[in-house]
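# Working through the structure, step by step
Residue-level listing of the chains:
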Amino acid sequence: DGREATMDSYSSITKMFNEWIEGSNRTGKVTGNFLRYDAVCYMDYILEKGCSNRTYNNTLKMMRAMFSWAIERCYCKENPFANIKTKTKEAKKRIVIDEKSRKKIAEYFTVKDPQMMIVCKLVYNSAMRPKEIANLKIEDLRLEHRYIVVRDSVAKNKKSRCATITADVIEYLRQFEDLPGDFYLFGMNKDLHPSDKRCAISSFAKRWDKMRAFLKLPMEMQLYSLRD
């Protein structure tokens, strides 16, 4: 669910922070003697990794939250990340995918990655977001009524809704409807088949990027472009 995704983000960022601490000989400076200069150096390190402004801002937000917690627990008195400015948000670099390219994409995933083809159809035909799709469970399927329930806990606006699905998606999903209801429709395995563990949301992007490189499509053609 949304809380799991947040925990994944925190785990990823704290792992990166610990690696930087060890690599920059700052071991022992994580609490009271971690200064604003150290915080600036760390954020410069994030920029040097070639991240987007959005990733930079998300990292800064989480580092502020981590040190706010440290202040509450009396590990330090000031938040060294508090006065570091965020970066200007970048305009979305996304273009509409033309019919010819959509056909190539469909042919690629139908043969090489059927589960990912379903992800594409849920984005394109059902106007679902990748995060919402990653959190779908077997119990959310309403195949007899031709829709999937998007729970309020995973919906972007925190309001549950019913997303209609096409006949071909229904036919494909019938193979899974007898699985345990708490299984995720897209599981943590190489085929994205249902599992008790949810796939990482980033796995969709990685599979999409692999396809895009194979078909030599422009970077601006993103998975979410199908929703446009």
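Placed above this text is the structure.
Quick summary incoming for the structure in this document. (Residues numbered from 1 in each chain as written. Predicted model: local features only at pLDDT ≥ 70, side-chain atom pairs only at ≥ 80, totals over all residues. Heavy atoms only, no water.)

## A few points about the overall build of the chain
Per the secondary structure count, the chain includes 8 helices and 3 strands. Based on the C-alpha atoms only, the size of the chain along its principal axes is roughly 60 × 40 × 30 Å. By residue count, 39% of the 228 residues in the chain fall in the buried class. The contacts of the chain with a sequence gap of at least 6 include a subset with a gap of at least 24, amounting to 57%. (Helix = DSSP H or I, 4+ residues; strand = E, 2+ residues; numbered from the N terminus. Buried < 20%, exposed > 50% of the residue type's maximum accessible area, 1.4 Å probe, protein only. Contact = heavy atoms within 4.5 Å.)

## Considering helix H2 (residues 36-48)
Two residues of an α-helix separated by three or four positions point the same way, owing to the 3.6 residues in each turn. Relative to the 18 Å expected for 13 residues at 1.5 Å per residue, H2 spans 18 Å between its end C-alpha atoms, a close match to the ideal helical length. Every buried residue of H2 is accounted for by Asp-38, Ala-39, Cys-41, Tyr-42, Met-43 and Ile-46. Two residues or fewer after H2 comes Gly-50, characterised by a positive phi angle close to 80°. (Expected span 1.5 Å × (residues − 1).)

## Focus: the sheet that holds strand E1 (residues 141-142)
Read from one edge to the other, the open sheet built from 3 strands follows the order E1-E2-E3, with strand pairing classed as antiparallel. What marks the edges here is a single partner per strand, and that holds for E1 and strand E3 (161-164). Bridging between strand E2 (residues 147-150) and E3 involves 4 bridges; their strand directions are antiparallel. Pairing of Ile-148 across the sheet is with Ala-163, part of E3. (Pairing = 2+ DSSP bridges.)

## Some words on the pairing of E2
Both E1 and E2 contribute to a ladder of 2 bridges, which runs antiparallel. Its bridge partner lying in E2, Arg-142 is registered against Tyr-147. Remark: 4 residues form the turn of the hairpin made by E1 and E2, two consecutive strands paired antiparallel; Arg-146 in that turn has positive phi of roughly 65°.

## Thoughts on the packing of H2 against helix H3 (residues 53-72)
Relative orientation of the contacting elements H2 and H3 amounts to 150°, with a least axis distance of 10 Å. Taken together, the axis directions place H2 and H3 in an arrangement best described as roughly antiparallel. At the point where H2 passes H3, the crossing takes the right-handed sense. Contacts between H2 and H3 involve Tyr-42, Met-43, Ile-46 and Leu-47 from the former and Tyr-56, Thr-59, Leu-60 and Met-63 from the latter. Split into classes, the residues belonging to the contact of H2 with H3 amount to 7 nonpolar, 1 polar and no charged. (Axes fitted to C-alpha atoms, helices over the stretch in contact; angles between N-to-C directions. Parallel < 35°, antiparallel > 145°, perpendicular 65-115°, else oblique. Left-handed = near helix turned anticlockwise from the far one by under 90°. Nonpolar A, V, L, I, M, F, W, Y, C, P; charged D, E, K, R; others polar.)

## Quick word on the state of the cysteines
Counted according to the given criterion, the structure contains 0 disulfides. Here Cys-41 is not cross-linked by a disulfide; its sulfur's nearest cysteine counterpart is in Cys-51, at 16 Å. (Disulfide = S-S within 2.5 Å.)

## With respect to H3
Along its 20 residues, H3 runs 29 Å from first to last C-alpha, staying within 8% of the 28 Å computed at 1.5 Å per residue. Buried within H3 we find Asn-53, Tyr-56, Asn-57, Thr-59, Leu-60, Met-62, Met-63, Phe-67 and Ala-70. Where H3 ends, the next residue or the one after it, Cys-74, has phi of about 65°, a positive value.

## Here's the deal with the environment of Ile-148
If you trace the backbone, Ile-148 turns up in strand E2. Measuring from C-alpha to C-alpha, the distance between Ile-148 and Ser-126 comes to 9.1 Å, with 22 residues separating the pair along the chain. Here Ile-148 is in contact with Leu-122, Leu-136, Asp-140, Leu-141, Arg-161, Cys-162, Ala-163, Ile-165 and Leu-173, once residues within four sequence places are set aside.

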